[in-house]
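# Residue-level structural notes
Residues per chain, in single letters:
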Amino acid sequence: MHMCTVVPISLTVGANRIVPTIAIPHPLGNPTLTLEEERDIRRNLVGRALRALETEVTGQTVFEK
Amino acid sequence: MKLELGYVFIKDIQFAEVSKVENGTLYVSKEEVRKIILEDQNFISAEVELAKPGESIRIMPVKDVIEPRVKVDGPGGIFPGMVNKVETVGSGKTNVLKGAAVVTTGKIVGFQEGIIDMTGTGSEYTPFSKLNNLVLVCEPKEGLKQHEHEKALRFAGYKVALYLGELARSLTPDETETFETLSVTEGIKAYPELPRVAYVLMLQSQGLMHDTYVYGVDAKQSLTTMLYPTEIMDGAIVSGNCVSACDKNTTYHHLNNPVVHDLFAEHGKTLNFVGVIITNENVYLADKERSSNWSAKLAEFLGLDGVLISQEGFGNPDTDLIMNCKKIETKGIKTVIITDEYAGRDGSSQSLADADASADAVVTGGNANQVIELPALDKVIGYSKVADIIAGGFDGSLHADGSITAELQVITGATNEMGFNKLSAR
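Residues numbered from 1 in each chain as written. Chains lettered and ligands numbered in written order. Predicted model: local features only at pLDDT ≥ 70, side-chain atom pairs only at ≥ 80, totals over all residues.

## Re the overall build of chain B
Across its full length, chain B holds nine helices and 24 strands. Against the 2.2 N^0.38 benchmark of 22 Å for 426 residues, chain B shows a C-alpha radius of gyration of 21 Å, consistent with a compact globule. A burial count over chain B gives 54% of its 426 residues as buried. For chain B, long-range pairs separated by at least 24 residues make up 79% of all intrachain contacts whose partners lie at least 6 apart in sequence. (Helix = DSSP H or I, 4+ residues; strand = E, 2+ residues; numbered from the N terminus. Rg over C-alpha atoms; globule rule 2.2 N^0.38 Å. Buried ≥ 20, exposed ≤ 12 C-beta atoms within 10 Å, placed from the backbone. Contact = placed C-beta atoms within 7 Å.)

## Topic: the overall build of chain A
A tally of helices and strands in chain A yields two helices and three strands. Start at the N end of chain A and walk to the C end: the helices and strands fall as β-α-β-α-β. The dimensions of chain A, computed from C-alpha atoms along their principal axes, are 40 × 25 × 15 Å. Burial analysis of chain A (65 residues in total) assigns 20% to the buried set. Within chain A, residue pairs in contact and separated by at least 24 positions form 42% of the contacts whose partners lie at least 6 positions apart.

## Points about the sheet that holds strand β15 (residues 217-218) of chain B
Residues and elements named next belong to chain B. The strand order β15-β14-β17 describes an open sheet built from three strands, whose pairing is antiparallel. At either end of the open sheet lies a strand with only one pairing partner, and these are β15 and β17 (237-241). As paired elements, strand β14 (residues 210-214) and β17 share five bridges and run antiparallel to each other. Bridging from a neighbouring strand, H210 pairs with N241 of β17. (Pairing = 2+ DSSP bridges.)

## Describing the environment of T21 of chain A
Residue and element names in this part refer to chain A. Structurally, T21 can be placed in the loop between β2 (17-20) and α2 (35-54). Judged by local crowding, T21 falls into the buried class, with 22 C-beta atoms found within 10 Å. Sequence spacing of T21 and T5 is 16 residues, and the spatial spacing of their C-alpha atoms is 4.7 Å. Excluding anything up to four places from it in sequence, T21 contacts M3, C4, T5, P27, L28 and L45.

## A look at the packing of helix α8 (residues 285-301) of chain B against helix α9 (residues 317-330) of chain B
All names here are of chain B. Two numbers describe how α8 lies on α9: the axes approach to 9 Å, and their chain directions differ by 35 degrees. Helix-helix and strand crossings are classified by hand; for α8 and α9 the assignment is right-handed. Along the contact surface, α8 presents K288, S292, N293, S295, A296 and A299, while α9 presents T319, D320, M323, N324, K327, I328 and T330. Partitioning the contact of α8 with α9 into residue classes produces four nonpolar, six polar and three charged. (Axes fitted to C-alpha atoms, helices over the stretch in contact; angles between N-to-C directions. Left-handed = near helix turned anticlockwise from the far one by under 90°. Nonpolar A, V, L, I, M, F, W, Y, C, P; charged D, E, K, R; others polar.)

## Details of the pairing of strand β20 (residues 334-341) of chain B
Note on strand geometry: in a regular strand, side chains alternate between the two faces of the sheet. All names here are of chain B. In terms of burial, β20 is a largely internal element, six of the eight residues being buried. When strand β19 (residues 306-310) meets β20, the two strands line up parallel, connected through five bridges. Looking at the pairing, S310 lines up with I338 of β20. Bridge count between β20 and strand β21 (residues 362-367): four bridges; the pairing is parallel. Across the sheet, residue I338 finds its bridge partner in β21, namely V363.

## Digging into α9 of chain B
The terminal C-alpha atoms of α9 of chain B lie 20 Å apart, and with 14 residues this matches the ideal 20 Å at 1.5 Å per residue to within 8%. The buried count for α9 of chain B comes to 12 of 14 residues, which makes it a mostly enclosed element. For α9 of chain B, the set of buried residues is P317, D318, T319, D320, L321, I322, M323, N324, C325, K327, I328 and E329 of chain B. On its buried face, α9 of chain B sits against α1 (7-13) of chain A together with β13 (196-204), β18 (272-281), α8, β19 and β20 of chain B. (Expected span 1.5 Å × (residues − 1).)

## Structural notes on the packing of helix α1 (residues 30-38) of chain B against helix α3 (residues 146-166) of chain B
For any two helices packed against each other, the geometry comes down to the angle between their axes and how far apart the axes lie. Residue and element names in this part refer to chain B. For the pair α1 and α3, the least separation of the axes is 9 Å and the interaxial angle reads 145 degrees. Here the hand of the crossing between α1 and α3 comes out right-handed. Contacts between α1 and α3 involve V33, I36 and I37 from the former and A156, K159, V160 and Y163 from the latter. Split into classes, the residues belonging to the contact of α1 with α3 amount to six nonpolar, no polar and one charged.

## Things to note about the sheet that holds β21 of chain B
All names here are of chain B. Strands sit in the order β16-β18-β13-β19-β20-β21 across an open sheet of six strands; the sheet is mixed. The open sheet has two edge strands with one neighbour each: β16 (225-227) and β21. Pairwise comparison of adjacent strand axes, ignoring direction, gives a mean angle of 20 degrees for this sheet. Each of β13, β18 and β19 touches helix α7 (residues 258-266); the most contacted strand, β13, lies at about 175 degrees to it. Relative to β20, α9 is tilted by about 165 degrees, and along the sheet it contacts β13, β18, β19 and β20.

## Structural notes on the environment of I44 of chain B
Residues and elements named next belong to chain B. Mapped onto the elements of the fold, I44 is located in strand β5 (residues 43-51). Separated by 50 residues in the primary sequence, I44 and T94 place their C-alpha atoms 34 Å from one another. Those residues within four positions of I44 in sequence are excluded, and the remaining contacts are E139 and K141.

## With respect to the environment of G54 of chain B
Here G54 of chain B shows up in the loop between β5 and β6 (57-66). When the C-alpha positions of G54 of chain B and G120 of chain B are compared, they lie 8.2 Å apart, and in sequence the two are 66 residues distant.

## Regarding the nonpolar core
Of all hydrophobic cores here, the largest spans 119 residues; its most connected members are A198 and V307 of chain B. No other element matches the eight residues that α3 of chain B contributes to this core. Beyond its immediate sequence surroundings of up to four residues, A198 of chain B is in contact with V274, G275, V276, I277, A299, L302, L304 and V307 of chain B. Of all hydrophobic cores here, the second largest spans 10 residues; its members include V7, I18 and A23 of chain A together with V283 of chain B. (Core = buried A, V, L, I, M, F, W, Y, C linked by C-beta atoms within 7 Å.)

Spelled out as structure tokens, the structure:
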């Protein structure tokens, strides 16, 4: 399972579950936002990643939501 | 748009009381150059050194290399939007001090600047060992932030290069060369039978001092757009990069872009060189998608038959490269990509971080992970201690006797992805 910004690379290297993240230098945050807003982003992404791990997949799957 | 480049060949460089060019020698007033650097109050002191081909000199850490040029006829000045006013350049006449360069050094990031050796193994890998270099060692004031240091050093380099270029204003060039790009309709009429070819020039724009500027605009804030090839020869694109040395495009590379020169050499003979599409390499996926969409859209809009794509840097820009390639190929336009490789020290690992079946015509600048041995040299301009932390170096890279064991990526320009270098393998 990959949490990553450059989804095409994860697809190329064969990750089964992929959660797209914010940007390469700050995958789980955004320095232009407030700490509270960043915390929301992070909680959302980690939650999505946990849901992805619980989800059965039959092929490479990108979890956009 | 038509530009004449006048080459004034420089075979030697020396310090003198008064700066001038005479009989192929570039004489430089150290005091004048120091005065130019110290106009910027961000610097507390400045040393100026010479490094000539064959001398036992190592320059490190190198930030940028700049060729002195001067606009002698036509609108605008060299480095428009940076030092000179934002006038459209690329037409008229420009004189070049061919064989000379300004090299800027400084510990900005420390691990993301490179090495130029003027002799020995290292010198074979960098084109800048063949030049008569004026090296600027500028000491920043205490507490100057890295990005401010980068900017100050970048401008010191431009200003000194323009100062030297000015010496060629009234000289008669040893040789001249003319480059002309017709409008789209004129080009179709002039060369109806020839394949229409453009160049997609990818610019490093990841931010955090991995930046390139076009007419003064930070490339990461720009959409994919177009330039006449000759605008590049007048300094429309400059490097603000502190990134792995081997495959970053210095300002010198941009001014002398070999893809542009080679396409001009074939223009009107085997192909019709339509123009240059410039695109960026940003760190958000949406930016990568948008910018490559625009490369493909402009390629289609121009009615191209073929495209050459050059990359800058490595890692996630491999994705921008593959997106450009794939999307342009999807439009029915043939592509050739120019890149380099990070294939591990033994060369057996995957070379690029991304791949696609449509990338079936590839030129490589070499394997940046290859380990090389650099002998101790008599003189180091700059700071040798960074050898252990420079990208491509490792703990123990710098030996007690001054020799260095490191990956090829430490050498400025070693695996350049415009194909600037001459080394090849069979």
